[in-house]
Amino acid sequence: MSETPNSFSGNNLSGTGLVGRHDIYGPIHKGLRLAQAGLLTRIGSTDFEDAVATVALLDELKSNLDFFKAHLRHEEEVMHAAVEAKAPGTMARLEEQHDEHRYRFHELEQLIATIEATPARQRAPLGRALYLAFTNYMSEDFAHMREEETVMWPTLCALFTDEELQAQEGQIVSQLSPDEAIFSMRLMIPSMNRVERAIFLAKVKTGAPPQAFNAVIEFAARPTLSAEDFADLSDRLGLAA
Ligand SMILES: [Fe+2]
C-alpha cells in the first residue's frame, strides 16, 4: 500500500498510481469548496439594504472565515511540520499561498466591519465589493487546493505511509472542539458522493465513541442530506431508521 509510483504530475488529474492511498485532502477540500460556493451565491443574492438579511449573511461569513483560518493553521501545524522535518523547504510555496489567503481574510474582515458601520440604505456598493473580494479569495483558494491535491498529495504519499497520514489527520481532528467537528462534518458529508460518504462515515463509526458518531448523524448528516441520500446512507451503514 505504501509503495507509491510517484509519476503523478500537477496536470494529471487522474490520480494514476495513488488510487487507494489515504486521501487526506479530498473530503475536507470538497467541504471547503461547497462552503465557498454557497457563500459566494449567498453574498451575490443578498439585498444589502435589508438589515436582517445582511446580519444573517455576515454572521455566517464570519464563522466560515474562522473555520477557513483554522484549516490553514491545522495544515501548517501538523502536515507542513511533518513534511518539513523530512524534506525542508518543500512547503514554502504553499505557505506563501496561505499567507496570501490570510491577507484576503483581512480584506474581507475590513469590508464586513465597514458594512456593519454603514447605514443599510448605503450598503449596496459595499455588497458588490464584498462579492468581488470573496471571489478573489475563492479563486485563489480553489487553485491552491487543486495544487495541494495534485502536487502535494503525491509528495505526502511518497514521504509517509497511509498509517502516518491517518495519524496526521487524527491529530488534526483531535484538536477540533465538538462544535468545529460538527461544522466540518456539515460541510464534508453533503459534498461527497454516496459511496465516499458511506466509507468515510463507517471509519468515523469505528473510530469515535457512539455518542460522538450519533451527534455526527443527527447534527451533520440528517440536516444536510436529502431524504433519499440519508436513506441510502442509513442502508449502507445499517443505521436504525
Ligand atoms: Fe492549504
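Rules of the game
Residues numbered from 1 in each chain as written. Predicted model: local features only at pLDDT ≥ 70, side-chain atom pairs only at ≥ 80, totals over all residues. Heavy atoms only, no water. Helix = DSSP H or I, 4+ residues; strand = E, 2+ residues; numbered from the N terminus. Rg over C-alpha atoms; globule rule 2.2 N^0.38 Å. Contact = heavy atoms within 4.5 Å. Phe/Tyr/Trp six-rings, centres within 6.5 Å; stacked < 30°, edge-to-face > 60°. Buried < 20%, exposed > 50% of the residue type's maximum accessible area, 1.4 Å probe, protein only. Lys NZ or Arg CZ within 6 Å of the ring centre and 35° of its normal. UniProt positions renumbered as here; feature names shortened; annotations may be inferred. Donors = N, O, S within 2.8 Å, 3.2 Å for Na, K, Ca; no water. Tetrahedral: all angles 85-135°; square planar, octahedral: opposite > 155°, others 65-115°. Domains from an automatic or database assignment. Buried area = accessible area lost by both parts, 1.4 Å probe. Polar contact = N/O pair within 3.5 Å; in protein donor to acceptor, adjacent residues only side chain to side chain. Axes fitted to C-alpha atoms, helices over the stretch in contact; angles between N-to-C directions. Parallel < 35°, antiparallel > 145°, perpendicular 65-115°, else oblique. Left-handed = near helix turned anticlockwise from the far one by under 90°. Nonpolar A, V, L, I, M, F, W, Y, C, P; charged D, E, K, R; others polar.

Undergrad: Can you break down the overall build of the protein chain residue by residue, with the values?
TA: When you go through the protein chain residue by residue, the secondary structure sums to nine helices and zero strands. The linear arrangement of helices and strands in the protein chain, starting from the amino end, is α-α-α-α-α-α-α-α-α. The C-alpha atoms of the protein chain give 19 Å as radius of gyration, which agrees with the globular expectation for 241 residues (18 Å, within 12%). Projecting the C-alpha coordinates of the protein chain onto the three principal axes gives extents of approximately 60 × 50 × 30 Å. Put simply, of all contacts in the protein chain between residues at least 6 apart along the chain, 76% involve residues at least 24 apart.

Undergrad: Could you give an account of the packing of aromatic side chains, with specific residues and numbers?
TA: Taken as a whole and judged by the stated rule, the model has four aromatic pairs. Here the aromatic rings of Phe 134 and Tyr 137 are separated by 5.9 Å at their centres, their planes lie at 70°, and the arrangement is edge-to-face. Of this pair, Phe 134 and Tyr 137 both sit in helix α4 (residues 124-159), three residues apart, which is roughly one turn of the helix. Neither residue differs from the other here; Phe 134 and Tyr 137 are each classed as buried. The rings of Phe 68, Phe 105, Phe 134 and Tyr 137 are connected pair by pair, giving a single aromatic cluster. Arg 33 extends its terminal NZ or CZ atom over the ring of Phe 142, reaching a point 5.9 Å from the ring centre.

Undergrad: Before we move on, could you go through the environment of Ser 234 and cite the residues and values that matter?
TA: Summarising the element assignment, Ser 234 is placed in helix α9 (residues 227-237). Overall, the relative accessible area of 11% leaves Ser 234 in the buried class. Taking the C-alpha atoms as reference points, Ser 234 and Thr 90, separated by 144 residues in sequence, lie 42 Å from one another.

Undergrad: Can you break down the UniProt feature "coiled-coil region" (unreviewed entry) in the protein chain residue by residue, with the values?
TA: Cross-referencing UniProt, the feature "coiled-coil region" (unreviewed entry) maps to residues 58-111 in the present numbering. Along residues 58-111, the helical share is 91% and the strand share 0%, with 10 Å between the first and last C-alpha atoms.

Undergrad: Just give me the short version of the coordination of the iron ion, but keep the residues and values in it.
TA: Donor atoms from the polypeptide that bind the iron ion are Glu 75 (OE), His 98 (NE2), His 144 (NE2) and Glu 148 (OE), placed at 2.0 to 2.3 Å. Here the iron ion binds four donor atoms, and the angle range of 84 to 171° at the metal identifies the geometry as irregular. For the iron ion, all donor residues lie on one chain, and their spacing in sequence is E-x22-H-x45-H-x3-E. Of the two residues, His 98 is situated in helix α3 (residues 92-116) and Glu 148 in helix α4; the sequence distance between them amounts to 50 residues. Judged by its relative accessible area of 0%, His 98 falls in the buried class. Glu 148 sits in the buried class, given a relative accessible area of 1%.

Undergrad: For the domain arrangement of the protein chain, give the residues involved together with the corresponding values.
TA: Partitioning the protein chain into domains gives domain 1 (21-175) and domain 2 (177-241). The centre of domain 1, based on its C-alpha atoms, is set 22 Å off from the matching centre of domain 2. Of the residues lining the interface, eleven residues belong to domain 1; the matching set on domain 2 comes to 13 residues. Of the roughly 1000 Å² buried where domain 1 meets domain 2, counting both sides, 70% is carbon and sulfur surface.

Undergrad: Any chance you could break down the side chain of Arg 104 for me, citing the residues and the numbers?
TA: For Arg 104, the position within the fold is in helix α3. Side chain to side chain, Arg 104 and Glu 107 meet in a polar contact 3.0 Å long.

Undergrad: Could you give an account of the packing of helix α2 (residues 51-86) against helix α5 (residues 162-175), with specific residues and numbers?
TA: It is the contact of α2 with α5, at a shortest axis distance of 9 Å, that shows an interaxial angle of 150°. In terms of orientation, α2 and α5 fall into the roughly antiparallel class. Note on packing geometry: the crossing formed by α2 with α5 is right-handed. Here α2 contributes His 74, Glu 77, Val 78, Met 79, Ala 82 and Lys 86 to the contact with α5, which in turn contributes Glu 164, Gln 168, Gln 171, Ile 172 and Gln 175. A breakdown of the residues in the contact of α2 with α5 according to their chemical character gives four nonpolar, four polar and three charged.

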